[in-house]
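Each chain, written out:
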Amino acid sequence: MRADARPSLSLIALSYLADLRQWIGRLVTGYALACGSVLFGAVSLLVAIGIGVAAAFHALELRYGIWIAYAALAGVFLLLGLLGLGTGRVMLGRPAPAAPRPSRQVDMLKRAIAVPVAARLIATSRAGINADPTTQVLAAAAVVMLVGWLAASRSNRPRDVI
């Protein structure tokens, strides 16, 4: 965007909607991964129960033969199932990320308001229009307040915000 271009309100709103869309995408992706992990854990747990029942049946039938392998395999699936369920539970238990704040759009709105006002003040002072001294002092105070407002809003913003 050019330095002298003024962003319109629709561009600012579209920019915020794009940020909101990215936030929703990350939120949905996180929940989809968590649900997939829980589903994988539940299926693994069912497989472990099935293999464990088969192994227990054969172990009792043959009294400690080759079927101990079934028990070991069921133990592996049991551990995988519990690990998947635990991971999914932890992922679902995390707090949701905060909704994006429109700070970038507020800065754009400040510039959209400040630049025309400052340009108009500079243009009227260069055009040779002589205003009374009170109006000149008020205009200078307005420009100083505007520059101070912009500087203060920039200093309060976290450094990692683009």
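Please refer to the structure placed before this passage.
Scope of this entry: the structure provided in the associated data block. (Residues numbered from 1 in each chain as written. Predicted model: local features only at pLDDT ≥ 70, side-chain atom pairs only at ≥ 80, totals over all residues. Heavy atoms only, no water.)

**Quick notes on the overall build of the protein**
Rule in force here: Secondary structure is summarised from DSSP: a helix means a run of H or I of at least four residues, a strand means a run of E of at least two, and numbering begins at the N terminus for each. Throughout this description, buried means an accessible area under 20% of the type-specific maximum (1.4 Å probe, protein chains only), exposed means over 50%, and partly exposed covers the range between. Methods summary: accessible areas were calculated by the Shrake-Rupley approach with a probe of 1.4 Å, and residue burial reflects only the protein chains presented.
Looking only at helices and strands, the protein features four helices and zero strands. Sequence-ordered secondary structure for the protein, helices as α and strands as β, is α-α-α-α. Relative to its 162 residues, the protein shows a buried fraction of 17%. If you sum the accessible surface of the protein, you get close to 11,900 Å²; carbon and sulfur atoms cover 72% of it.

**A few points about the pattern of salt bridges**
Opposite charge on two side chains makes pairing possible when the charged atoms of those side chains draw close. Stated precisely, the cut-off is as follows: Only one rule defines a salt bridge in this text: a Lys or Arg side-chain nitrogen within 4 Å of an Asp or Glu carboxyl oxygen.
Counted according to the given criterion, the structure contains one salt bridge. Between Asp-19 and Arg-104 there is a salt bridge, and its shortest N-O distance comes to 3.4 Å. Here the residue Asp-19 occupies a position in helix 1 (residues 9–62), and Arg-104 occupies one in helix 3 (residues 103–126), the gap between them amounting to 85 residues. Judged by relative accessible area, Arg-104 falls into the partly exposed class, the value being 34%.

**Examining a nonpolar patch on the surface**
Quick note on the threshold: By definition, no residue in a patch forms a salt bridge, and every one has over 30% relative accessible area; like charges are joined within 9 Å, nonpolar side chains (Val, Leu, Ile, Met, Phe, Trp, Tyr) within 5 Å.
Where nonpolar side chains cluster on the molecular surface, the patch consists of Leu-9, Leu-109, Ile-113 and Val-117 and spans about 350 Å² of accessible area. Here the nonpolar patch takes three residues from helix 3, the largest share from any one element. Relative to the assigned elements, Ile-113 resides in helix 3. A residue is classified by how much of its surface remains accessible, and Ile-113, at 48% relative accessible area, is partly exposed.

**Focus on the side chain of Ser-37**
Topologically, Ser-37 is positioned in helix 1. Ser-37 sits in the buried class, given a relative accessible area of 15%.

**Notes on the environment of Arg-101**
Within the secondary structure, Arg-101 sits in the loop between helix 2 (68–93) and helix 3. The class of Arg-101 is exposed, set by a relative accessible area of 71%. Sequence separation between Arg-101 and Tyr-16 is 85 residues, and the spatial gap between their C-alpha atoms is 8.3 Å.

**A look at the side chain of Asp-19**
Quick note on the threshold: In protein, a polar contact means a hydrogen-donor-capable atom and an acceptor-capable atom, both N or O and within 3.5 Å, with residues adjacent in sequence counting only if both atoms are side-chain atoms; elsewhere, any N or O pair within 3.5 Å suffices.
Its relative accessible area of 17% is what places Asp-19 among the buried residues. One polar contact links Asp-19 to Gln-105, side chain to side chain, over a distance of 3.2 Å.

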